[in-house]
Amino acid sequence: MKIMPINLTRRALVVGTPLVAATSTGLISLEAQAQSVGQALKLYPALMLDGEMFDPKILQDHVVLLYIWASWCPYCLRDIAALRNKQEEFKDKKFAVLGVNIDSNPGDAEKWVKTYKVNFRSLVPTADYNKAYSSNGRMGTPSWWLAGRDGNVVDSSTGNGAQFIYRNRIETIDKLVAKPTA
């Protein structure tokens with residue numbers, strides 16, 4: 001892959017050239033992710049930030065928003081209020097935000113969760129999550145995948161432009177949650 005430098009203060013995209021962005025963990029390619037619209041959302045058992053084990057079976061028949069975040073990500077900070085509000089609004093209607101935190105220091109993530117009153121589960125990524133939700137071996141943030149009750153991805157976005165609140169996906173969640181369960 002040919003890496004083209006980009007000016008992150010200007011938003012320019014050269015058609016046919018993979019977009020590469022710099023993060024605090026290095027360069028990531030924002031090419032197509034492993035999880036595409038129409039595919040089943042892949043969830044795996046993993047340790048959560050609170051020390052409990054996450055069992056994917058508990059989200060069966062749920063509308064799920066898988067959200068990759070980090071405490072150093074300014075875009076994630078912008079998203080947190082919308083994610084927190086949707087988690088609270090639909091907590092009894094089989095909707096769940098499932099965070100995957102990519103901080104290298106779990107203490108940073110734990111502090112962020114307390115400071116911003118994060119009310120959704122957040123996992124420590126495993127090799128399975130890294131394989132399913134990374135590009136060139138690195139998870140980008142913010143990135144998210146939204147799946148309906150059937151478990152299939154209906155929308156997703158990765159990288160700096162993936163800010164959930166700016167993608168107007170709140171209405172999509174509302175519609176998916178309003179659909180009756182089977």
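Residues numbered from 1 in each chain as written. Predicted model: local features only at pLDDT ≥ 70, side-chain atom pairs only at ≥ 80, totals over all residues. Heavy atoms only, no water.

(A) Fine view of the environment of Leu-98. Secondary-structure assignment places Leu-98 in strand β6 (residues 95–101). Leu-98 sits in the buried class, given a relative accessible area of 0%. Considered as a pair, Leu-98 and Gln-87 are eleven residues apart in the sequence and their alpha carbons are 9.6 Å apart. (Helix = DSSP H or I, 4+ residues; strand = E, 2+ residues; numbered from the N terminus. Buried < 20%, exposed > 50% of the residue type's maximum accessible area, 1.4 Å probe, protein only.)

(B) Representation of the sheet that holds strand β8 (residues 143–147) within the structure. Reading across from one edge, β7-β6-β5-β8-β9 is the order of the five strands in this open sheet, with mixed pairing throughout. Both edges of this open sheet fall to β7 (121–123) and β9 (153–158), since each of them pairs with a single strand only. Averaged over all neighbouring strand pairs, the angle between strand axes comes to 15°, with direction disregarded. Sheet analysis places β8 next to β9, joined by five bridges and oriented antiparallel. In the sheet register, Ala-147 faces β9, and the bridge partner there is Val-153. (Pairing = 2+ DSSP bridges. Axes fitted to C-alpha atoms, helices over the stretch in contact; angles between N-to-C directions.)

(C) Structural detail: the packing of aromatic side chains. Within this structure, the stated rule accounts for six aromatic pairs. Look at Tyr-44 and Tyr-129: their rings are 5.2 Å apart centre to centre, the planes differ by 85°, and that puts the pair in the edge-to-face class. Residue Tyr-44 is located in the loop between β2 (26–29) and β3 (46–47), and its partner Tyr-129 is located in helix α3 (residues 127–132); the two are separated by 85 residues in the primary sequence. We classify Tyr-129 as buried; its relative accessible area is 0%. (Phe/Tyr/Trp six-rings, centres within 6.5 Å; stacked < 30°, edge-to-face > 60°.)

(D) Expanded view of the pairing of β8. Along β8, five of the five residues are buried, which leaves the element largely enclosed by surrounding structure. Residues Ser-143, Trp-145 and Ala-147 of β8 are buried on one face, and the alternating residues Trp-144 and Leu-146, pointing to the opposite face, are buried as well. Sheet analysis places strand β5 (residues 63–69) next to β8, joined by five bridges and oriented antiparallel. Residue Leu-66 lies in a different strand from β8, and its bridge partner there is Trp-145.

(E) Fine view of the nonpolar core. Within the largest apolar cluster, 43 residues are counted, with the highest numbers of intra-cluster contacts made by Tyr-129 and Tyr-133. Only β5, α1 (74–89), β6, α2 (106–115), α3, β8 and α4 (170–178) provide two or more residues apiece to this core. When residues in this core are grouped by element, the largest group, seven residues, is from β5. In this view, Tyr-129 contacts Lys-42, Leu-43, Tyr-44, Pro-45, Ala-46, Phe-54, Leu-66, Leu-98, Val-100, Leu-123, Ser-134 and Met-139; residues no more than four positions away in its chain are not counted. (Core = buried A, V, L, I, M, F, W, Y, C linked by side-chain atoms within 4.5 Å. Contact = heavy atoms within 4.5 Å.)

(F) Geometry of the confidence of the model for the protein chain. Averaged over all residues, the pLDDT of the protein chain is 77; the fraction at 70 or higher stands at 72%. Model confidence for the protein chain, summarised as mean pLDDT per element, is weakest for strand β1 (residues 20–23) at 37 and strongest for strand β4 (residues 53–54) at 96. Confidence drops under a pLDDT of 50 for residues 1–33, and excluding neighbours within four residues, the segment shows 45 contacts in the predicted structure. (pLDDT = per-residue confidence, 0-100.)

(G) Structural detail: a nonpolar patch on the surface. Taken together, the side chains of Leu-47, Met-53 and Val-124 present a nonpolar region at the surface, about 260 Å² in accessible area. Position of Met-53 among the secondary structure elements: in strand β4. (Patch = residues over 30% accessible without salt bridge, like charges linked within 9 Å, V, L, I, M, F, W, Y side chains within 5 Å. Areas by Shrake-Rupley, 256 points an atom, 1.4 Å probe, with all protein chains shown as cover. Salt bridge = Lys/Arg side-chain N within 4 Å of Asp/Glu carboxyl O.)

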